[in-house]
Amino acid sequence: QQQQQQYRDFSRLAAVDQPAEAPPPAGNSGKEPPFPLKLHRILSNPELTEYITWLPHGRSWRILKPKAFEEKVIPLYFRH
């Protein structure tokens, strides 16, 4: 028997108070944070919403200005 799944859209709910910086994962002291954590930090930074933002449904994100994102945001979060 197939169970019904109900999708809940959390995109319009207010953000829960959380610390801006998450603690580093166990066993990762002194190393670069993993990509998902970096991406979350970028998407959570209100100063970067002109470059990258969550889509209205809250399930994915979009880079709005790819060239500016490459030049201004990536160097802040990634070494390359």
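See the structure above.
This one's a predicted model, so the numbers in the text were calculated from it and none came from an experiment.

### Things to note about the pattern of salt bridges
- Applying the stated criterion across every chain, the model contains four salt bridges.
- The salt bridge involving Lys 65 is made with Glu 50; its shortest N-O contact spans 3.2 Å. With Lys 65 in the loop between strand S2 (61-63) and helix H2 (66-77) and Glu 50 in the loop between helix H1 (35-44) and strand S1 (52-54), this pair connects stretches of sequence that are 15 residues apart.
- According to the relative accessible area criterion, Lys 65 is partly exposed, its value standing at 40%.
- A salt bridge links Lys 67 to Glu 71; its shortest N-O distance comes to 3.7 Å. Separated by four residues within a single helix, Lys 67 and Glu 71 lie in helix H2, roughly one turn from each other.
- Judged by its relative accessible area of 52%, Lys 67 is exposed.
- What emerges from the salt-bridge pattern is a single network uniting Glu 32, Lys 38 and Arg 79.

### Some words on the packing of H1 against H2
- Where H1 contacts H2, the two axes come as close as 11 Å, and the packing angle between them is 125 degrees. Classified by the angle between their axes, H1 and H2 sit oblique to one another. Where H1 crosses over H2, the two elements pack in a sense that is right-handed. Contact with H1, carried on its side by Lys 38, Arg 41 and Ile 42, involves Phe 69, Val 73 and Tyr 77 of H2 and no other residues of that element.
- Grouping the amino acids of the contact of H1 with H2 by side-chain chemistry returns four nonpolar, no polar and two charged.

Calculation rules
- Residues numbered from 1 in each chain as written.
- Predicted model: local features only at pLDDT ≥ 70, side-chain atom pairs only at ≥ 80, totals over all residues.
- Heavy atoms only, no water.
- Salt bridge = Lys/Arg side-chain N within 4 Å of Asp/Glu carboxyl O.
- Helix = DSSP H or I, 4+ residues; strand = E, 2+ residues; numbered from the N terminus.
- Buried < 20%, exposed > 50% of the residue type's maximum accessible area, 1.4 Å probe, protein only.
- Axes fitted to C-alpha atoms, helices over the stretch in contact; angles between N-to-C directions.
- Parallel < 35°, antiparallel > 145°, perpendicular 65-115°, else oblique.
- Left-handed = near helix turned anticlockwise from the far one by under 90°.
- Contact = heavy atoms within 4.5 Å.
- Nonpolar A, V, L, I, M, F, W, Y, C, P; charged D, E, K, R; others polar.

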